Amino acid sequence: MTVKTTLQSIIILGFLLGSLTLEKLAMKPSMEENAADDLTEIEIVAQTLLDVIQELQFVKAELSSVKSENTEINMKTDDIKQNVQRVEEQVKNLQKMKEPPKVAFSATLSKLNNAFRFMGPYKTGLNLAYQNAITNIGNAYDPNTGIFTAPVRGVYYFSFVVFNPISSSTKQYATGVELLKNDKHVVTATDNAPGVDTEDTAGNSASILLEKGDKVYLHLLDNRIIYTDGNRRNTFSGHLLFEM
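- Where an unreviewed UniProt entry is consulted, the protein chain appears under the name C1q domain-containing protein, with the organism given as Electrophorus voltai.
- The Subcellular location (unreviewed entry) comment attached to the protein chain in UniProt states, word for word, "Secreted".

Printed below as a string of C-alpha cells:
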C-alpha cells in the first residue's frame, strides 16, 4: 500500500467513525439491545486502526530505505567526482611531461655602454664569454663562461656574428671566431684586417645534434682580435629545434 492509499484509508476510517457516532446519537438505542452490535463495530474499527498502523509502519520503513539509498548514491557520486578530479590532474601532469623543454638564448660579448675594447691578438686563442645575456630561457647558457650545455638530446641551432673595425694602432689585425662542440671545431667566421673599408662583419650558423650534457661555445682564433662596444655587434645565439 502506498502513502496515498494509506491516507485515503485514514480519511475513510474517520468518516465511518463520525457516521457511527451520529447514527448512535440519532437512534439513542438502549445499551442492552445494541451491546452486541456495538461490540462488533468496535472490533471492526480497532482492526482497521491496527491495519492502518501497520501500513504506516511499512511506509515509514520504505521511506527510511529510500533515504538510506539516496545517502549511498550521494556518497558514490562524491567518490566519482573525486576520481574524475584525480584523473584530470594526472592528465595535466602527463601533458606537462610531454611538453618539449623551452631552450633559447642570445648574448652579446660585453655589457659596455659608452666604452669600447679590443680583445687580442693572442698567440693561443681563448674561449669567449658573451657576458650580456639578452635571453636565456632554460638557463642552459652560462654568461660567465660562455658555454652552452645541452639540457636534452636534440637538434640545436646556433648562430654568431663577429664585428671588427679599424684600430688606432698602425697594424691592423684580422678577426676570426670558431664554434666548438666539446672542443671540436664545427664552423668558423673570419674576416681580413680592415683595408679599404673601416669596418668588417662576418657570421656563421649551424644546426647540430647534441647529446644531453654536450657543450657548445665560441673560441677566438690564434693571433686574431675581436672588438666590443656599446653597440653590441658581436652576438652568440642558439635554441632547441626539437628533441631526438
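That covers the picture; the talk isn't over yet.
## Re the pattern of salt bridges
For step 1, the next point in the chain: In this structure the tally under the stated criterion is two salt bridges.
For step 2, the next point in the chain: For R153, the salt bridge is made with E211, and the minimal N-O distance between the two is 2.9 Å. A residue pair is termed long-range when its members are at least 10 positions apart, and R153 in the loop between β6 (147–149) and β7 (154–165) and E211 in the loop between β10 (199–210) and β11 (215–220) qualify at 58 residues.
For step 3, the next point in the chain: Using a relative accessible area of 33% as the deciding quantity, one classes R153 as partly exposed.
For step 4, the next point in the chain: The partly exposed category is assigned to E211, whose relative accessible area is 36%.
For step 5, the next point in the chain: Among the salt bridges present, the one from R233 reaches D229, with a minimum N-O distance of 2.7 Å.

## Structural notes on the pairing of strand β1 (residues 104–108)
For step 1, the next point in the chain: Most of β1 sits inside the fold, with four of its five residues counted as buried.
For step 2, the next point in the chain: Direction of pairing for β1 relative to strand β4 (residues 132–137): antiparallel, over a ladder of five bridges. By the bridge assignment for β4, A107 is matched with A133.

## Looking at the side chain of E178
For step 1, the next point in the chain: With respect to the helices and strands, E178 occurs in strand β8 (residues 175–181).
For step 2, the next point in the chain: Among buried charged residues, E178 stands out as having no salt bridge; its nearest opposite-charge side chain is R224, 11 Å away.

## Structural notes on the confidence of the model for the protein chain
For step 1, the next point in the chain: Confidence along the protein chain averages 79 in pLDDT terms, with 77% of residues attaining 70 or more.
For step 2, the next point in the chain: Looking at the elements of the protein chain, mean pLDDT is at its lowest for helix α1 (residues 3–27), recorded as 54, and at its highest for β6, recorded as 98.

## Re the environment of D222
For step 1, the next point in the chain: Structurally, the position occupied by D222 is in the loop between β11 and β12 (226–229).
For step 2, the next point in the chain: D222 gets classed as partly exposed once you look at its relative accessible area, which sits at 43%.
For step 3, the next point in the chain: For the pair D222 and G176, spaced 46 residues apart in sequence, the C-alpha separation works out to 8.5 Å.
For step 4, the next point in the chain: Leaving out residues up to four positions away in the same chain, D222 has contacts with Y122, K123, T124 and G125.
For step 5, the next point in the chain: One polar contact links the side chain of D222 to the main-chain amide nitrogen of G125, over a distance of 2.6 Å.

Definitions and limits used
Residues numbered from 1 in each chain as written. Predicted model: local features only at pLDDT ≥ 70, side-chain atom pairs only at ≥ 80, totals over all residues. Heavy atoms only, no water. UniProt positions renumbered as here; feature names shortened; annotations may be inferred. Salt bridge = Lys/Arg side-chain N within 4 Å of Asp/Glu carboxyl O. Helix = DSSP H or I, 4+ residues; strand = E, 2+ residues; numbered from the N terminus. Buried < 20%, exposed > 50% of the residue type's maximum accessible area, 1.4 Å probe, protein only. Pairing = 2+ DSSP bridges. Lys, Arg positive; Asp, Glu negative; His and termini not counted. pLDDT = per-residue confidence, 0-100. Contact = heavy atoms within 4.5 Å. Polar contact = N/O pair within 3.5 Å; in protein donor to acceptor, adjacent residues only side chain to side chain.

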